[in-house]
Amino acid sequence: MTETTALYRSIHAQPQAVRDLLADGDGPARAAEKLAQVQRIFLSGIGTSYHAAIVGEYLLRLAGADAWAVRSFEFVHYPRPLRADDGVIVISHRGSKVHGQGAVQRALEAGVTTVGITGKGTKMSGPDPLIQTVEQEVSSTHSISYVSALTRLGQIAARLAALYGHTEQEQRITSGLASLPMLMEGILAREDEVRAVAQEAVTHARRVYYMGAGPNAATAPEGALKAKEASYVTAEGFELEQAIHGPQVAFERDDLLIPITVNGADRERMADFLAALSEIGTRVWLIGDPPDAASSALFDGNTWSRFSLGDTSRLPEELTPLLAALPVQLLAEFLAAARGTNADSFRSDHPAYKKAGTRFRL
């Protein structure tokens with residue numbers, strides 16, 4: 001049964017994990033105090049951790065920082081010059097990846113403020129502070145460590161805003177973080193809606209495309225990555241405007257399109273996109289709420305469906321990826337169950353893929 005997978009258990013453990021992290025703010029506070037002294041902050045990560053870095057960029061900018069997300073491979077091999085007044089945050093589940101370690105080493109050698117966000121029992125060393133998230137995940141399809149890293153970044157952002165004297169932003173981030181666990185529980189209570197979407201997609205062998213804007217431009221490739229890691233489906237994630245500029249002509253009626261929207265700055269463009277999809281006739285599963293009345297009407301009497309994230313009206317858009325992560329993670333879990341794949345294995349139970357993994361060092 002799907003409920004026995006480590007991925008499923010990790011998804012359902014997230015509301016309590018966020019509560020626990022919010023009760024432990026010492027590391028994020030110390031990080032913020034150091035980062036408040038720098039002029040520019042780079043956030044470095046790989047894969048899911050890079051997606052966390054993108055969301056972190058938005059959170060730190062909300063606080064008032066000059067923040068930039070960068071892939072760890074590029075940070076090491078195609079480096080932007082580091083200045084003495086820069087800061088670097090390296091995000092890694094385990095601290096064991098070669099280019100994550102390289103990012104830490106480069107930052108330390110440059111003598112800049114270096115902060116680590118990583119799981120308990122990490123192999124990361126050197127950053128100060130080294131902020132821990134959760135216990136190492138059993139599933140190779142990481143879920144709880146992603147949301148936990150975003151929580152830590154939110155805590156840093158809240159404290160930075162306070163140090164900058166941006167009281168309103170600090171209060172919005174702090175109250176938003178506190179509201180997340182209950183909103184998450186509401187999402188998880190409706191998992192059968194997600195299961196039905198996954199079963200239908202597998203029955204009809206649908207390709208799956210995700211798209212989002214702003215901070216949820218990271219949720220789109222993260223959703224696609226989880227689906228591929230867990231169930232090996234054909235999936236891709238796009239920033240909304242990128243999806244409009246070319247990829248949309250490849251969308252077919254048999255595909256599943258997953259727009260992610262929280263009525264942010266993307267409202268007008270997302271409405272245009274949904275109208276275009278109604279002409280193509282693709283299947284749509286909207287995460288969030290329709291951006292306007294005309295978009296909402298497209299769901300009436302249609303095969304389209306939507307999945308609300310709850311009342312996000314008082315939540316900064318920069319925090320909504322912590323909620324949007326849950327339905328895309330559940331979809332990956334249920335796609336794997338419907339396809340009969342091992343959501344936890346990273347395909348190491350297939351000899352050819354296990355051998356392929358020996359051809360490079362992660």
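The structure under discussion appears in the preceding block.
Conventions adopted
Think of each chain on its own: its residues are numbered from 1, step by step along the sequence as written. Two thresholds apply to this predicted model, a pLDDT of at least 70 for residue-level local features and 80 or more for giving and counting side-chain atom pairs, whereas whole-chain, interface and lining totals are computed over all residues. Excluding hydrogens and water, the side-chain figures rest on all heavy atoms present in the structure. Should a side-chain nitrogen of Lys or Arg be within 4 Å of a carboxyl oxygen of Asp or Glu, the pair is scored as a salt bridge. Strands here are runs of E lasting at least two residues and helices are runs of H or I lasting at least four, both read from the DSSP assignment and numbered beginning at the N terminus. Accessible area is worked out with a 1.4 Å probe on protein chains only. A residue is then buried under 20% of its type maximum, exposed over 50%, and partly exposed in between. This arc is taken over the directions from the axis of the helix to the C-beta atoms. We call two residues in contact when some of their heavy atoms are within 4.5 Å. Paired strands, as defined in this entry, are two strands with at least two bridges between them according to DSSP. Interaxial angle, 0 to 180 degrees, is taken between N-to-C directions of lines fitted to C-alpha atoms, where a helix line uses only the stretch in contact. By the definition adopted for this analysis, an angle is roughly parallel if under 35 degrees, roughly antiparallel if over 145, roughly perpendicular if from 65 to 115, and oblique otherwise. A clockwise turn of the near helix away from the far one marks a right-handed crossing, whereas an anticlockwise turn of less than a right angle marks a left-handed crossing. Amino acids outside the nonpolar list (Ala, Val, Leu, Ile, Met, Phe, Trp, Tyr, Cys, Pro) and the charged list (Asp, Glu, Lys, Arg) are all regarded as polar, and Gly is one of them. Centre distance within 6.5 Å is the pairing criterion for rings of Phe, Tyr and Trp, where only the six-membered ring of Trp is used; planes under 30 degrees apart are then read as stacked, over 60 as edge-to-face, and the remainder as tilted. Over a ring means this: the NZ of a Lys or the CZ of an Arg is within 6 Å of the ring centre and within 35 degrees of the ring normal.

## Here's the deal with the pattern of salt bridges
For the structure shown, the criterion picks out 19 salt bridges. Here Arg 152 makes a salt bridge to Asp 24, at a shortest N to O gap of 3.0 Å. Placement of Arg 152 in helix H7 (residues 144-164) and of Asp 24 in the loop between helix H2 (14-22) and helix H3 (26-35) is noted, with a sequence separation of 128 residues between them. On the accessibility criterion, Asp 24 (38% relative accessible area) is partly exposed. Salt-bridge contacts for Glu 193 lead to Arg 190; the nearest nitrogen and oxygen are separated by 3.8 Å. Given a relative accessible area of 25%, Arg 190 falls into the partly exposed group. One network of salt bridges, with partners in common, ties together Asp 26, Arg 30, Lys 34 and Asp 128.

## Description of H2
Within the span of H2, buried status applies to Gln 14, Pro 15, Ala 17, Val 18 and Leu 21. When H2 is viewed along its axis, its buried side chains cluster within an angular range of 160° and face the same direction. In the core, the buried residues of H2 are packed alongside helix H1 (6-12), strand S5 (130-132), H7, helix H8 (167-188) and helix H14 (321-339).

## What to know about the pairing of strand S3 (residues 86-92)
Burial within S3 is extensive, with seven of its seven residues counted as buried. Neither face of S3 is left uncovered, since the one carrying Asp 86, Val 88, Val 90 and Ser 92 and the one carrying Gly 87, Ile 89 and Ile 91 both have all their residues buried. Where strand S1 (residues 40-45) and S3 come together, five bridges link them in parallel fashion. Bridge pairing in S3 links Arg 40 to Asp 86. By the bridge criterion, six bridges tie S3 to strand S4 (residues 113-118) in an arrangement that is parallel.

## Details of the sheet that holds strand S8 (residues 256-261)
Backbone hydrogen bonds hold the strands of a sheet together, and the pairing may be parallel or antiparallel. Here we have five strands laid out as an open sheet, ordered S7-S6-S8-S9-S10, and parallel in their pairing. Taken across any chain shown, the strands that pair with only one partner, and hence form the sheet edges, are strand S7 (235-239) and strand S10 (305-307). Across this sheet, the average inter-strand angle for adjacent strands is 20°, counted without regard to direction. Pairing between strand S6 (residues 208-212) and S8: five bridges, direction parallel. What sits directly across from Val 208, in S8, is Leu 256. Helix-sheet contacts for helix H9 (residues 191-203) involve S8, strand S9 (283-288) and S10, and the interaxial angle to S10 is about 140°. The strands that helix H12 (residues 267-280) touches are S6, S8 and S9; relative to S8, the one it contacts most, it runs at about 165°.

## A few points about the packing of H7 against H8
Running from amino to carboxyl end, H7 crosses H8 at an angle of 155°, the nearest separation of the two axes being 7 Å. The angle between H7 and H8 places the two elements in the roughly antiparallel class. Along this stretch, H7 crosses H8, giving a crossing that reads as left-handed. Facing H7, whose interface residues are Val 147, Thr 151, Gly 154, Gln 155, Ala 157, Ala 158, Ala 161 and Ala 162, H8 presents Gln 169, Glu 170, Ile 173, Thr 174, Leu 177 and Met 184. Among the residues forming the contact of H7 with H8, the class breakdown is eight nonpolar, five polar and one charged.

## Describing the environment of Glu 170
Residue placement: Glu 170 occurs in helix H8. You can call Glu 170 partly exposed: its relative accessible area is 22%. With 107 residues separating them in the primary sequence, Glu 170 and Ala 63 have C-alpha atoms 7.0 Å apart. Residue contacts for Glu 170: discarding those within four places in its chain leaves Ala 158, Ala 161 and Ala 162.

## Brief notes about the packing of aromatic side chains
Counted according to the given criterion, the structure contains seven aromatic pairs. Ring centres of Phe 42 and Phe 75 lie 6.2 Å apart, and the angle between their planes is 55°; this geometry places the pair in the tilted category. Remark: Phe 75 occurs in helix H5 (residues 72-77) and Phe 42 occurs in strand S1; sequence separation between them is 33 residues. According to the relative accessible area criterion, Phe 75 is buried, its value standing at 3%. Look at Phe 299 and Trp 304: their rings are 5.3 Å apart centre to centre, the planes differ by 75°, and that puts the pair in the edge-to-face class. Three or more aromatic residues joined by ring pairs make a cluster, and in this case those are Tyr 209, Phe 238 and Phe 251. The ring of Phe 334 carries the charged tip of Arg 195 above its face, separated from the ring centre by 4.4 Å.

Nothing here speaks to function; it is geometry throughout.
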